[in-house]
Amino acid sequence: MPLDPAPHHSPAPLPQVPRAVLTVTGADRPGVTARLFAALARSEADVPAVEVLDVEQVVVHGHLVLGVVVGAAATDGGPAVDEPTLLAHLRRVADDVSTAVGVEVTVESASATPAREGAAGRAHHVIVLGRPVPPEAVAGATRAIAGIGGNIDAIRRLSDYPVTSFELTVSGAEATALRTSLASVAASTGADIAVERAGLARRSKRLIVLDVDSTLVRGEVIDELAARAGRAAEVARITAAAMNGELDFAKSLRARVAVLAGLPVEVLDEVREHLVLTPGARTLIRTLQRLGFRCGIVSGGFTQITDPLAESLGLDFAAANTLEVVDGRLTGGLVGEIVDRPGKARALARFAEQYGIPLEQTVAVGDGANDLDMLNAAGLGIAFNAKPIVREQAHTALNQPYLDAVLQVLGFTRDEVLDAE
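First things first, this report covers the structure right here in the doc.

Reading the values: rules and limits
Residue positions are given per chain, counting from 1 as you read along its sequence in written order. Only residues with pLDDT of 70 or above have their local features reported here, since the model is predicted, and side-chain atom pairs are shown and tallied only from 80 upward, although totals for entire chains, interfaces and linings are computed over all residues. The basis for every side-chain value is the complete set of non-hydrogen atoms in the structure, without hydrogens or water. The nonpolar core is taken to be a set of buried Ala, Val, Leu, Ile, Met, Phe, Trp, Tyr and Cys residues, with the residues joined through side-chain atoms within 4.5 Å. A 1.4 Å probe rolled over the protein chains alone gives each residue an accessible area, and that area as a share of the maximum for its type sets the label: buried under 20%, exposed over 50%, partly exposed in between. A helix here means a DSSP run of H or I that spans at least four residues, while a strand means a run of E at least two residues long, and both kinds are numbered starting from the N terminus. Here a residue-residue contact requires only that any non-hydrogen atoms of the pair lie within 4.5 Å. In short, DSSP must find at least two bridges between two strands for them to pair. Whenever a helix is involved, its axis is fitted only over the stretch in contact; in every case the axis is a line through C-alpha atoms, and angles between N-to-C directions fall within 0 to 180 degrees. Here a crossover is taken to be right-handed if, once the strands point away from the viewer, the path from the first strand over the helix to the second is traced clockwise.

Points about the nonpolar core
If you look at the biggest cluster of nonpolar residues, it comprises 36 residues, and the most contacted ones within it are Ile-208, Leu-216, Leu-288, Val-365 and Val-406. Those elements giving two or more residues to this core turn out to be β5 (124-130), β9 (207-210), α9 (281-290), β10 (294-302), α10 (303-313), β13 (362-366), β14 (380-384) and α14 (406-409). Each residue touching Ile-208, except ones within four places of it in the same chain, is listed here: Leu-284, Leu-288, Phe-293, Arg-294, Cys-295, Gly-296, Phe-317, Val-363, Val-365 and Val-406.

Laid out in structure tokens, this is it:
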């Protein structure tokens, strides 16, 4: 027997009533919106009653664009007014507001335009970043979106420093198709174009994991150590092959560490003191910490470098490999578990579990092939100035020199970043 034997009936469609759109343009000033809505709210006997159906407002460099859709409302159980009466009334409202506050107000019928239903598929955010953003990047992105049947519902500026970035809210397009069509635009224009699914999950991120070498800091620590052993060129070649995914990371790591045998432990302090943070690293970490994020590092490098770095930045956690030291010198070996490609993903999962944060609420940022498992395991994996194989497989890619551009991919505006400082 069905739990609910009663038949279900779809609600009767609401009757169509006359509708109109008022568009306000002009120099922004206090009181424009208030004056318009006060005029619409008048309830005199000879004034048609209206109801507000939709509102959009944006101010671009002091220029206001305000759109208001209203419909004729029934009064005292009687029918709504007809369209000519509604439009005549709204044009009088437009003239009054225009004269009072010095803006242009136009009125058009919207009765023939049905309210747009939600487009198929979930909405996405497309973030266009550059320094600067070339017009051809915006033109290419908008053409690509239209080409796959997507509609741009809104555009807002996220930041003007250190990079310029805009966020387009897109409906009616599938994520894979969006990323594929926009990737060629990014490649041809030099802009970064990221795609993120819209919804609460975007703002629910609570933990970020950063790779260290060539992500949080410039350069590769092991290359610096190898230079002090006189083996810089040899190790740099192995490092590049490993980061490009051409060599197994664990084997390449052991081969590179082996050439460090005999170095005095003091070289670790020298290298650590000369580390240079990637521009924007402190801003990224400070902002996310003040927003309640857990922040940490997971590195294929060495705890003798990463632990003091994590402490100096006030990070919540750190994981890395440990160089073996005997009698004050490096042995060329490692101790403990190897933090390789799968090891980085395990570390991410371990820290997320430690803080009670689901993996879908985590962010991972890295540049090398050994970061791929971690990037794909996170709710959002960002390839930062990454090798081609990483850019192709990560959720999104950033090629800007500023690490705090990650904040715009997460949807934070420049003003929100400043407020968090």
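There's more to say after this.
A look at the sheet that holds strand β4 (residues 104-109)
Spatial strand order, β2-β3-β1-β4: four strands in an open sheet with antiparallel pairing. A single partner strand is all that each edge strand has here, and the edge strands are β2 (50-60) and β4. The sheet shows a mean angle of 15 degrees between the axes of neighbouring strands, direction not considered. Where β2 lies against strand β3 (residues 63-72), ten bridges are found, and the strand directions are antiparallel. The residue bridging Val-60 from the neighbouring strand is His-63, located in β3.

Digging into the pairing of strand β11 (residues 317-326)
In this structure, β10 lies alongside β11, joined through four bridges in parallel fashion. In the strand pairing of β11, Phe-302 is matched with Asn-321. After leaving β10, the chain enters α10 and then returns to the sheet as β11, a path that is right-handed. Where β11 and strand β12 (residues 329-335) come together, four bridges link them in antiparallel fashion. Paired with Leu-323 across the bridge in β12 is Leu-334. Joining the antiparallel neighbours β11 and β12 is a turn of two residues, in which Asp-327 adopts a positive phi near 55 degrees.

A look at the sheet that holds strand β6 (residues 151-159)
Across the sheet, which stays open at both edges, the four strands sit in the order β6-β7-β5-β8 with antiparallel pairing between neighbours. On the outer flanks of this sheet lie β6 and β8 (192-197), each paired with one strand and no other. With direction set aside, neighbouring strand axes in the sheet form an average angle of 20 degrees. By the bridge criterion, seven bridges tie β6 to strand β7 (residues 164-171) in an arrangement that is antiparallel.

Describing the side chain of Thr-396
Among the secondary structure elements, Thr-396 is positioned in strand β15 (residues 396-398). In this structure Thr-396 comes out as buried when scored by relative accessible area, which is 5%. The contacts of Thr-396, once residues within four sequence positions are left out, are Ile-193, Ala-194, Val-195, Leu-380, Gly-381, Ile-382, Ala-383 and Val-409.

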